[in-house]
Every structure is written in C-alpha cells, then in structure tokens.
Amino acid sequence: MRKPLNPAPRPSATTNRFGRSSLGSGPSAANSNTRILGTGPVARPGASSPLKPPPGGSLRPGLHPPAIIQRDALENLGLSSERSRERMVGRLQEQGITDQRVLSAMLAVPRHLFVDEGLASRAYEDAALPIGHEQTISQPWVVARMLSVLAEGRELGKVLEVGAGCGYQAAVLAHLAREVYAVERIRGLYELARNNLHSMRLPGRLRVVFGDGMAGLPGNAPFDAIAIAAAGLKIPQALLEQLAPGGRLIAPEGGAEQRLVLIERTGTASWKRQELDAVRFVPLRPGTQY
Ligand code: SAH
C-alpha cells in the first residue's frame, strides 16, 4: 500500500541554498526538474491545451469526470492511461525526442502509478509534479532528453541514477539498461521508490539504494552511464571517477541558473564536457535525511 504524501510544501519552503532567481521564482516542487524554455512563447504543438479528456473522462459518457480520479479507477481504466501515455509520447516526439528505445520505454512505464492519487489525472502532462519532501517527479521531456543523450549510439549496460525520488526515471532506465542502481538520500522517498517499483515488471535489473549519491556506489562501479536528477554547483568528482572509459554522465549543473551538462570519459584522467538545455532542478544535497 502506498503511503500518503507529506503535505505540499508552502511557498516559503521553496527557497533553498540556491536562493531565488532574479524573476523571484526559485525552484519549487511545482516547477523543478523541468526544462526552461526561452523567453516569449515557444511553438510547441499541444502545449497550450491540457490533456483532454482526462484519463477516464471519455469512457464514461454522462458522468462528469471527478475532480480527483482515484488510483483504482485509473488502474481499471488501463486502456485510458495507455492512450494518455501514447499522447505523451507523441508530444515528446514533436519536441524532438527521436530515440525509439526511449519512446518505447516511456510508453511502457505507467507514470500515474508514481504520483499521489490526487495527481494521477495529471500524470501524463509534460510537467514535473510534487512527490512529497519538497521533491518532484521529473518532467517527462527532461527524463526523455537525459536518457536519450546517455543512450545515443550505444547499448546501456550498468547505469547509476542519483536521486531516485519516486522511482519513475529508474523504471524507464530499467527498460533501456541491463542493470540499474538508483540512489536516494531521503528515507521516505527511498521507501516510496521501492514500493512503487516492487511489483513492476521491468526488463532490466534494478536496485534502489538508500544513501548519498554524491559519493556514488564505488563497490558497483564502473558505470556505463550516470544520470543525476538533482542540481549541484559542480558535478561530484567521485561520480566522474566511477564512469567507465567512454561512459557518459548527464546532470543539471548550476545554482539559480542551470544547464544540463553531458560529460564523457575520454581517458583515465580526461573528460569531455558539453552544455545542453537550460533547466531547473531540485538541489543535489550531501548526506542522508530521515
Ligand atoms: N528521478 C526522479 C526525480 C527525483 S527529484 C524521477 O524519476 O522523477 C531528485 C531527487 O534527488 C530527490 O528525491 C532528492 O532527494 C534526490 N537527491 C538530492 N541529492 C541527492 C544525493 N546526494 N543522493 C541521492 N539522492 C539525492
């Protein structure tokens, strides 16, 4: 059984060590782990209209869709959530995601099972959503983008994810990689991820670990790929060292302004760095939290 979420963080709780941006909109559960699009409107087909009809809404003519769609109801309407997922994947394609393996993986993983019941009807919007403890499930586009970059032109063997959160990205990864280690530093989220992933049938092996992912998992290194789902001012050296030769790491980096950074290990002591999209993520923090 799923645990209830912590109360949603109050706006005042959204300031963190990165402070607020000049726009006065610092990272919060509602806007973190998302892409930051340039100023002004950006042509994104479908972006302006929310998912319609909501999951379950269309199959029950004469009934008004409930404000909160219960998880059981949504599970019973598996077909409906599958359609919502297809639409989500269609939008990802429109937004430049082309890797068929990533698109298939995102089609396969039921994102609505990773969020609180009250948010399940919004699970297939291209948005980050709160998962409790002031953290968020990453925006689908961000997950797709990060994993596409890691998997481009290669098969993924052993992969490390830092910041498992509710376990969604780890589940997607387990469709792409042979072996996944997902580390989470907040005890309640570690347990949430384990619960969420427990009964899920996944093609790859997946282990959720409670600990400080900034230290990596030296006992399981080297990794072919590392995905960091939280932003630090600098990518921890320990993680760079745990990349296999030729391995890739993707992470958001920065404070008030962040970018996705792709690092490729080119030799024993050499790494190549590339800056990608502007994003906003929750902070990468040291240590563990009970
Ligand atoms: N991967 C998640 C995103 C979770 S949000 C998804 O599928 O949507 C980022 C997560 O990183 C948070 O749960 C936060 O607690 C965690 N985190 C931050 N610093 C960490 C660290 N040093 N080690 C492990 N997890 C960390």
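By convention here, each chain's residues receive numbers from 1 onward along its written sequence. Where local features are concerned, this predicted model is filtered to residues with pLDDT of at least 70; where side-chain atom pairs are given and counted, the filter is 80 or more; whole-chain, interface and lining totals use all residues.

Student: Mind showing me how you'd approach the overall build of the chain here?
Tutor: Each helix is a run of DSSP H or I of at least 4 residues and each strand a run of E of at least 2, with the numbering of both proceeding from the N terminus. Helices and strands together make up the secondary structure of the chain, namely 7 helices and 10 strands. Three classes are used. A residue is buried when 20 or more other C-beta atoms lie within 10 Å of its own, exposed when 12 or fewer do, and partly exposed in between, with C-beta atoms placed from the backbone. Out of the 290 residues in the chain, the part that is buried amounts to 45%. We call two residues in contact if the C-beta atoms placed from their backbones are at most 7 Å apart. The contacts in the chain between residues at least 6 apart in sequence include a share of 60% that link residues at least 24 apart.

Student: Looking at this model, I keep getting lost on the pairing of strand β9 (residues 258-267). Mind explaining?
Tutor: On a regular strand, one side chain projects to one face of the sheet and the next to the other, so that they alternate. Strands are labelled as partners when DSSP assigns at least two bridges between them. Sheet topology places strand β8 (residues 243-254) next to β9; 7 bridges connect them, and they run antiparallel. The residue bridging E253 from the neighbouring strand is R259, located in β9. Connecting the antiparallel pair β8 and β9 is a turn made up of 3 residues. The pairing of β9 with strand β10 (residues 270-280) spans 8 bridges and is classified as antiparallel. Paired with R265 across the two strands is W271, which belongs to β10. Turn length for the β9-β10 hairpin, with the two strands adjacent in sequence and antiparallel, is 2 residues.

Student: Which parts of the structure should I look at to understand the site of the ligand?
Tutor: Close to the ligand lie 25 residues, the nearest being G163, G165, Y168, Q169 and G213. Looking at the shell around the ligand, the elements that each hand over two or more residues are β3 (135-137), α5 (168-173) and β5 (177-184). The element that contributes the greatest number of residues to the shell around the ligand is β3, accounting for 3 residues. Under the convention adopted here, Pro, Cys and the residues Ala, Val, Leu, Ile, Met, Phe, Trp and Tyr are nonpolar, Asp, Glu, Lys and Arg are charged, and Gly plus all remaining residues are polar. The residue makeup of the shell around the ligand, split by class, is 13 nonpolar, 8 polar and 4 charged. As used in this record, a residue near a molecule or strand is one whose C-beta atom, placed from the backbone, is within 6 Å of it.

Student: Sorry if this is basic, but what is going on with the pairing of strand β4 (residues 156-162) here?
Tutor: By the criterion of burial, β4 is predominantly enclosed, with 6 of the 7 residues buried. As judged from the 6 bridges shared by β4 and β5, these two strands associate in the parallel manner. Counterpart to L160 in the pairing with β5 is Y181. The crossover handedness rule: strands pointing away from the viewer, path from first strand over the helix to second strand clockwise, crossover right-handed. Running through α5, the crossover from β4 to the neighbouring parallel element β5 is right-handed.

Student: Teacher, can you tell me more about the sheet that holds strand β1 (residues 34-35) here?
Tutor: By way of backbone hydrogen bonds, the strands of a sheet pair with one another, either parallel or antiparallel. Strand order in the open sheet made by the 8 strands is β1-β10-β9-β8-β7-β4-β5-β6, with mixed pairing throughout. The open sheet has two edge strands with one neighbour each: β1 and β6 (205-210). Helix α4 (residues 140-151) contacts β1, β4, β7 (223-228), β8, β9 and β10 of the sheet and is inclined by roughly 155° relative to β8. Axis angles are defined between N-to-C directions and span 0 to 180 degrees, where every axis is a line fitted to C-alpha atoms and, for a helix, only to the segment in contact.

Student: So what exactly am I meant to see when it comes to α4 here?
Tutor: Note: α-helices contain 3.6 residues per turn, so residues at a spacing of three or four share the same orientation. Expected helix span is taken as 1.5 Å per residue step, with the number of steps being one fewer than the number of residues. The terminal C-alpha atoms of α4 lie 16 Å apart, and with 12 residues this matches the ideal 16 Å at 1.5 Å per residue to within 8%. When you tally the buried positions in α4, you get 11 out of 12 residues, the bulk of the element. Those residues of α4 that fall on the buried side of the exposure criterion are P140, W141, V142, V143, A144, R145, M146, L147, V149, L150 and A151. G153 occupies a position one or two residues after α4 and carries a positive phi of about 70°.

Student: Help me out: how do you make sense of helix α6 (residues 187-198) in this one?
Tutor: Between its first and last C-alpha, α6 extends 16 Å over 12 residues, near the 16 Å set by a 1.5 Å rise per residue. Considered for burial, the residues of α6 that qualify are L189, Y190, L192, A193, N196 and L197. When α6 is viewed along its axis, its buried side chains cluster within an angular range of 160° and face the same direction. On its buried face, α6 is in contact with β2 (129-132), β3, α5, β5 and β6. Picture the helix axis, draw a direction to every C-beta atom, and the arc is the one those directions span.

Student: Please clarify how the nonpolar core should be interpreted in this entry.
Tutor: Soluble globular proteins tend to bury their nonpolar side chains together. Ranked by internal contacts, the top residues of the largest apolar core, which has 76 residues, are L147, A170, V172, A193 and I226. In terms of residues, this core owes the most to one element, α4, which gives 9 residues. Not counting residues up to four positions away in its chain, the partners in contact with A170 are E161, A164, V180, A182, A193, L197, L206 and V208. As used throughout, a nonpolar core is a set of buried Ala, Val, Leu, Ile, Met, Phe, Trp, Tyr and Cys residues joined through C-beta atoms within 7 Å of each other.

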